[in-house]
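Analysis of the macromolecular model
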Amino acid sequence: MAQDLYLLFLILFIALNLQIVLSWRMQNSTNDISDDQCPPQPHPFGMCKSRVAAYGYPCEEYHVTTEDGYILSLKRIPHGLSNATSNSTEDTRTPVLLFHGLLVDGFCWVLSTPKQSLGFILADGGFDVWIANCRGTKSSRRHTTLTPEDPAFWDWTWDQLADYDLPAVLQFVYNQTGGQKVHYIGHSLGTLIMLAALSDNKLTDVVRSAALLCPIAYLNRMKSRLILLAARIFLAETIHMLGYHEFNPLGRVAQELLGEVCVDPDVDCYDLFSSVAGPDCCLNASTTCIFLQHGPQSTSVKNMVHMSQLVRKSSIRKYDYGNEKENMRHYNQTRPPPYDLSSIPRHVPLFLTHGGQDFLGDVPDTRHLLRTLIREHDSDDIEVLYMPDYAHGDFVMGYNAPQLIYKPMVEFFKRH
């Protein structure tokens, strides 16, 4: 009853402060790079034609249907420019799957030039590169029976990404490449769903190794004041209760949510990228501009609720429906079951890298995760790389990431 009254008060507070919200939207920018400098430029031809083929690389697109009916776009760069005429074939190139983070899509792996983007670097390094796009992103908004206008289309969290999206694309790559086990690279949310799947002892028959960039699991000590405030006042839950289902970072719901947290004097909304993910050390303006032009991607409001639950709690659990009756209906127990990360098979090779300036995968939470994994893992099959100056975006867009991150990661792959 107390929580219901609190949420009612919060709804009234949002309604009464819409004028403040709209004023904030008009007066403040989200980045030092203005909208005039980097106007949104949607790519009607998709990632393959607009980005990969523009650099002369081959690019193929596949569609993978999950067990629960979502039709996912899966891109492939079968080889690079430097090895296009070599003696290697598709059967001998080792497959690697890249899975993006929250509120972005697979485009993040080819944002920069071929010398700096991980997707191109891996292709030129002799790998068969596959790039995933999870449900809800621009190229994965189809379903066998639903449309994005149906509330049921958005009835999912990262639980379902770990249960359905990740197994579907991994199994597809495994089958398409002649039964070769797949190296996996995840960033941010892409690390969480792999950890969740492995903790349930899934995917070990198709995964050769996993590289986790900015691994997130425990989030209760994160340094982003903006995310902490939003989670503590149950903003995502309120938006969900008001009947919103799609969370578009550039849409009205997200802007109103930001308006509420940005009236707090302790939250810096003049540079939202740094306020959320930490002050990146090594981004250049052109790459950041391409990122802003492509635009952040949608997820479900329910997924944002689940992420907020991680922030408020010290454990990692499946989605909490908020009352014992609903939890019992979904899980046959009154509390959502936990993900036991200590049960991840110790023989699966893991490469983990994290940054000292990362506000999301912050150092205390990441070290908690590392203690859990290292205690249970074979020492020869786990490697940790700490980057004291790196924040969340540096691992995907940093101009020096090819030398500092990608090179040791590829060497790890070659050893396993």
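The rules behind these values
- Residues numbered from 1 in each chain as written.
- Predicted model: local features only at pLDDT ≥ 70, side-chain atom pairs only at ≥ 80, totals over all residues.
- Heavy atoms only, no water.
- Helix = DSSP H or I, 4+ residues; strand = E, 2+ residues; numbered from the N terminus.
- Buried < 20%, exposed > 50% of the residue type's maximum accessible area, 1.4 Å probe, protein only.
- Contact = heavy atoms within 4.5 Å.
- Areas by Shrake-Rupley, 256 points an atom, 1.4 Å probe, with all protein chains shown as cover.
- Salt bridge = Lys/Arg side-chain N within 4 Å of Asp/Glu carboxyl O.
- pLDDT = per-residue confidence, 0-100.
- Polar contact = N/O pair within 3.5 Å; in protein donor to acceptor, adjacent residues only side chain to side chain.
- Pairing = 2+ DSSP bridges.

This part is about the overall build of the protein. Looking only at helices and strands, one finds 16 helices and 11 strands in the protein. Taken across its 416 residues, the protein has 57% of its residues classed as buried. Sequence separation of 24 or more characterises 77% of the internal contacts of the protein that already satisfy a separation of 6 or more. Roughly 17,800 Å² of accessible area belongs to the protein as shown, and the carbon and sulfur atoms make up 53% of that amount.

This paragraph deals with the pattern of salt bridges. For the structure shown, the criterion picks out 13 salt bridges. Lys 75 is paired through a salt bridge with Glu 61; the nearest N and O atoms lie 3.6 Å apart. Placement of Lys 75 in strand S2 (residues 70-77) and of Glu 61 in strand S1 (residues 60-65) is noted, with a sequence separation of 14 residues between them. When the shortest N-O distance is used, the salt bridge between Asp 155 and Lys 302 registers 2.7 Å. You can see Asp 155 sitting in the loop between strand S5 (142-143) and helix H5 (158-176) and its partner Lys 302 sitting in helix H12 (residues 301-312), a full 147 residues away along the chain.

Turning our attention to the environment of Ala 197. In this fold, Ala 197 is placed in helix H6 (residues 189-199). Take Ala 197: its relative accessible area is 1%, and that puts it in the buried class. Placed 30 residues apart in sequence, Ala 197 and Pro 167 show a C-alpha to C-alpha distance of 8.5 Å. Setting aside residues up to four positions removed in sequence, Ala 197 forms contacts with Ala 162, Leu 166, Lys 202 and Leu 203.

Turning next to the side chain of His 183. In this structure, His 183 sits in strand S6 (residues 182-187). Residues contacting His 183, with those up to four places away along its chain left out, are Thr 94, Pro 95, Val 96, Leu 97, Phe 127, Arg 208, Ser 209, Phe 413 and His 416.

Let us look at the confidence of the model for the protein. Per-residue pLDDT for the protein has a mean of 87; in total, 87% of the residues score no lower than 70. Segment residues 1-35 is flagged for pLDDT under 50; beyond a separation of four residues in sequence, or across chains, it makes 51 contacts in the model.

Residues other than glycine seldom take positive phi values, yet Asn 201 does so here, at roughly 60°. Here Asn 201 shows up in the loop between H6 and strand S7 (207-213). Taking the relative accessible area as the measure of exposure, Asn 201 reaches 52% and is therefore exposed.

Once that is clear, we can look at the environment of Lys 181. Structurally, Lys 181 is set in the loop between H5 and S6. Spatially, the C-alpha atom of Lys 181 lies 8.1 Å from that of Thr 94, the residues being 87 residues apart in sequence. Beyond its immediate stretch of four places on either side in the chain, Lys 181 contacts Pro 95, Tyr 174, Thr 204, Asp 205, Val 206, Val 207 and Arg 208. A polar side-chain atom of Lys 181 sits 3.1 Å from the main-chain carbonyl oxygen of Thr 204.

Where burial is concerned, most of S2 is hidden: 8 out of the 8 residues are buried. Neither face of S2 is left uncovered, since the one carrying Tyr 70, Leu 72, Leu 74 and Arg 76 and the one carrying Ile 71, Ser 73, Lys 75 and Ile 77 both have all their residues buried. Pairing between S1 and S2: 6 bridges, direction antiparallel. When the bridges of S2 are listed, Tyr 62 appears paired with Leu 74. Here S1 folds back onto S2, and the loop between the two strands holds 4 residues, one of which, Gly 69, carries a positive phi near 100°. With 2 bridges joining them, S2 and S5 adopt antiparallel strand pairing. Paired with Ile 71 across the bridge in S5 is Arg 142. Looking at chain direction, S2 and strand S4 (residues 128-132) are connected through 4 bridges and run antiparallel.

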